[in-house]
There are 2 protein chains.
Amino acid sequence: MKTVAIVGVGLIGGSFALALRRAGFTGRIVGVSSPRTVEEALRLGVIDEARPLEEAAARSDLVYLSQPISRILETIERLDASLQPGCLVTDAGSTKRAIVERARRHIRRGLFLGGHPMAGKESRGVAAAEAELFARRPYVFTPLEADDMETAPVREFREWVEKTGARTVVLDAAEHDRLVAYVSHLPQMLSTALASTLAAEAERRPIEKVSGPGLLDMTRLALSPWEIWEDIIATNRDYIAEALDAYVEKLKTIRSSLDSPAIRDEFASANAVAAKLRGRRCG
Amino acid sequence: MKTVAIVGVGLIGGSFALALRRAGFTGRIVGVSSPRTVEEALRLGVIDEARPLEEAAARSDLVYLSQPISRILETIERLDASLQPGCLVTDAGSTKRAIVERARRHIRRGLFLGGHPMAGKESRGVAAAEAELFARRPYVFTPLEADDMETAPVREFREWVEKTGARTVVLDAAEHDRLVAYVSHLPQMLSTALASTLAAEAERRPIEKVSGPGLLDMTRLALSPWEIWEDIIATNRDYIAEALDAYVEKLKTIRSSLDSPAIRDEFASANAVAAKLRGRRCG
C-alpha cells in the first residue's frame, strides 16, 4: 500500500489519515474534498496533497470513502473507470447493505470491502480529527464474499486498521445492519423520543432546573445532527422499525408490571446486560 | 443550628455531613446508622458521634433523614415523641408525596420540610461520600405549606444547603413527583427497557463487540440497583405510568414517520431540548 485516497476528509476520513501515519504508514495520502476542507486538511498536515476524485483514484491502491452515506452511494456509481486494476475500495458508512449492493453492481476493476469504524465524537470536521479515534473501538468489515478477507489487499488493509488500535470484526452486511439497528440506531431513536417527549413538558415546567446527570446521559444522542440520521434511516428503515417494535413491546411490559414483582426481573436482566457491555460480571 | 442528626449515613447522608463541614458548620454531627456504617463514618471523620435514633433526635435541632424511602416512611412514624419542640425534620428521598403526607400526619412537635438533593453517583455508601456531591446540582424543597419556607429554621437550613453549592428550588410535592417522573424516572425506565430488549439479542449475537459510547450512555442508568427503584416505583407509580404512556405515544409517532419528512421535526425538537438542558442555544 503506497498511495491512499481519502474521499471526504471530515472527522472519520481525517482521523483515518492521522491514524495511518501514527501506525507507521510512509506512503502518500491524497485528499478529495471541498476546497475549504482540503485547504484546512493540508494546513493541519492531515493529507499530503489534494486532487479531484478521478485523479486521486487513478494513483491510489486504497480508496477510502468517508463521505456521508448518500454521497458514498453516488461516488461508488462513478468511481470504477478511474480505478487502478486490483486496487482496494473501502468505505466508512454506518449502514452497509445499500453500500455493499451498490458496490457489487458498480465496482469491477477494484475489489470492494464494506467497512464501519464504530467511533465518533460530538465535534465534526477535519479539525476534530485525531489519530486515536479508532483505538479500542470496533471496526466492522462487511466483505462482498467471505473469501475476500483472504485476498492480499484486504489482509494488508486489515493489518493497518488493527495497527490504529481498532478491534476488527467481520460480519455479513445484513447482519451488521440488524445489529447496529439494535445497538446504535435504537438508542438514537430512544434519546430523540425522550427529548421530544420532554419538549411538551419544557414549555410549561422548568425541567432544566431539576435535571440530573442521568437525563444528560439519556439525551446526549438527541444532539446528533439530522443530516447523519437522514441517511441512516433511509438505508436501514426495516431493521430500525423491527428494533423499535421490540422495544415498544418491552416498554409496555414494564408499564404493565409497575405494580407487580415481574418488574424486578426486568431490572435484573437489564443490569446484567449493562454490566456485560462494560466487560464486567453482573453486579 | 447547633446539632444535626444524620439518619442513614450512606452516600447522601455522609455527603451532606461533609458538605456542611466544608460550608463552615461548627456544631455537632450525630450519626444514626447500622453498627458497621457508623464505625466507618466515625473512622472517616464524617460524623462526630453515633447514637440510636431517639437519643440523636432528642439533642438535635435538625434531623436529616437520608435513608431509603421506605425506611424514611417508617422513621417518620416513630420519630415525633423524641423531637425537641420546634426542631426541623427534613429528608432526602427521591419521591415526595408519600413522605410529605406521612409527615403531615405524624410530625407534631417539629417542623417538617420535604427535600430532594438531585445528586448521586454510581458508588454508594459512606465511603463514597464527598463534600462536593451537591455542588451545582438541584436541591428541591417541598414544604407542607408554602409559608413554611419563611420560618426561621427553614431559612437557616436553606442557607446551609445553598452554602454546599446546591441550587435550591421550591415545589409542591405533587409537582415535584410529576416532574421527576419525566426527567428522572422515565429515563431510568427507558434505559432498563433498552438493556432488557438487548438481553434477547445478546444471547444470539456478539453485541458487546459492536457497541459504541452512545450505547454505554444509554445503558448507564440500567446499572442502578433495584432496591432504590423498588421504593421510587412504589411511591410514584401513577406519574411514572403517565410519563411512560406519553413516551410510548411519541415512539409510535417516530416509528410511523420513519419514511416521512415529519421525523425531521422530531429530531429538531429533540435537539432543541437536549441543547436547553445543557444551557446552550439550539445548535
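So, here's what we can say about the structure. Note that the structure is predicted; figures quoted are calculated from it, not measured.

### Concerning the side chain of A:Q67
All names here are of chain A.
Next up, step 1: By the secondary structure assignment, Q67 is in the loop between β4 (62-65) and α4 (69-79).
Next up, step 2: Looking at Q67, its side chain comes within polar contact range of the side chain of T75, at 2.8 Å.
Next up, step 3: Residues within four places of Q67 in sequence aside, it is in contact with V7, G8, I72 and T75.

### Topic: the relation of the copies chain B and chain A
Next up, step 1: Once chain B has been moved 0.0 Å along the axis and rotated by 180°, it coincides with chain A to within an RMSD of 0.0 Å. Between the two chains, the operation in question is that of a two-fold axis.
Next up, step 2: Mapped onto chain A, 100% of the interface residues of chain B again fall at the interface, so both copies present the same surface.

### Considering the packing of α4(A) against helix α5 (residues 97-106) of chain A
Residues and elements named next belong to chain A.
Next up, step 1: Viewed as axis vectors pointing N to C, α4 and α5 meet at an angle of 10°, and their least axial separation amounts to 9 Å. Relative to α5, the element α4 lies roughly parallel. Listed contacts from α5 to I69, I72, L73, I76 and E77 of α4 are A98, I99, R102, A103 and H106.
Next up, step 2: The class makeup of the residues in the contact of α4 with α5 is seven nonpolar, one polar and two charged.

### Focus on the nonpolar core
Next up, step 1: Counting 140 residues, the largest nonpolar core has A:Y247 and B:Y247 as the members making the most contacts within it.
Next up, step 2: If we skip the residues at most four places from it in the chain, B:Y247 touches A:L190, A:A193, A:L194, A:T197, A:Y247, A:L251, B:L186 and B:L190.

### Considering the pattern of salt bridges
Next up, step 1: Considering all chains together, one arrives at 52 salt bridges over all chains under this definition.
Next up, step 2: Residues B:R178 and A:E201 are paired through a salt bridge, measuring 2.8 Å at the closest nitrogen-oxygen approach. Here the residue B:R178 occupies a position in helix α7 (residues 173-204), and A:E201 occupies one in helix α7 (residues 173-204), the pair thus bridging two chains. Note on accessibility: B:R178 and A:E201 belong to one class, buried.
Next up, step 3: Its salt-bridge partner being B:K96, residue B:D91 comes within 2.8 Å of it at the nearest N-O pair. Residues B:D91 and B:K96 agree in their burial class; the two are buried.

### Examining the sheet that holds strand β1 (residues 3-7) of chain A
Residues and elements named next belong to chain A.
Next up, step 1: Read across the sheet, eight strands follow the order β3-β2-β1-β4-β5-β6-β7-β8 without closing on themselves; strand pairing throughout is mixed. Every other strand in the sheet has two partners, leaving β3 (49-50) and β8 (167-170) as the edge strands with one partner each.
Next up, step 2: Relative to strand β5 (residues 88-91), β4 runs parallel, the two sharing four bridges. In the sheet register, L65 faces β5, and the bridge partner there is D91.
Next up, step 3: Contacting β1, β2 (28-32), β4 and β6 (111-117), helix α1 (residues 11-22) runs over the sheet at an angle of about 160° to β1.

Scoring rules and cut-offs
Residues numbered from 1 in each chain as written. Chains lettered and ligands numbered in written order. Predicted model: local features only at pLDDT ≥ 70, side-chain atom pairs only at ≥ 80, totals over all residues. Heavy atoms only, no water. Helix = DSSP H or I, 4+ residues; strand = E, 2+ residues; numbered from the N terminus. Polar contact = N/O pair within 3.5 Å; in protein donor to acceptor, adjacent residues only side chain to side chain. Contact = heavy atoms within 4.5 Å. Least-squares fit on C-alpha atoms with pLDDT ≥ 70 in both. Axes fitted to C-alpha atoms, helices over the stretch in contact; angles between N-to-C directions. Parallel < 35°, antiparallel > 145°, perpendicular 65-115°, else oblique. Nonpolar A, V, L, I, M, F, W, Y, C, P; charged D, E, K, R; others polar. Core = buried A, V, L, I, M, F, W, Y, C linked by side-chain atoms within 4.5 Å. Buried < 20%, exposed > 50% of the residue type's maximum accessible area, 1.4 Å probe, protein only. Salt bridge = Lys/Arg side-chain N within 4 Å of Asp/Glu carboxyl O. Pairing = 2+ DSSP bridges.

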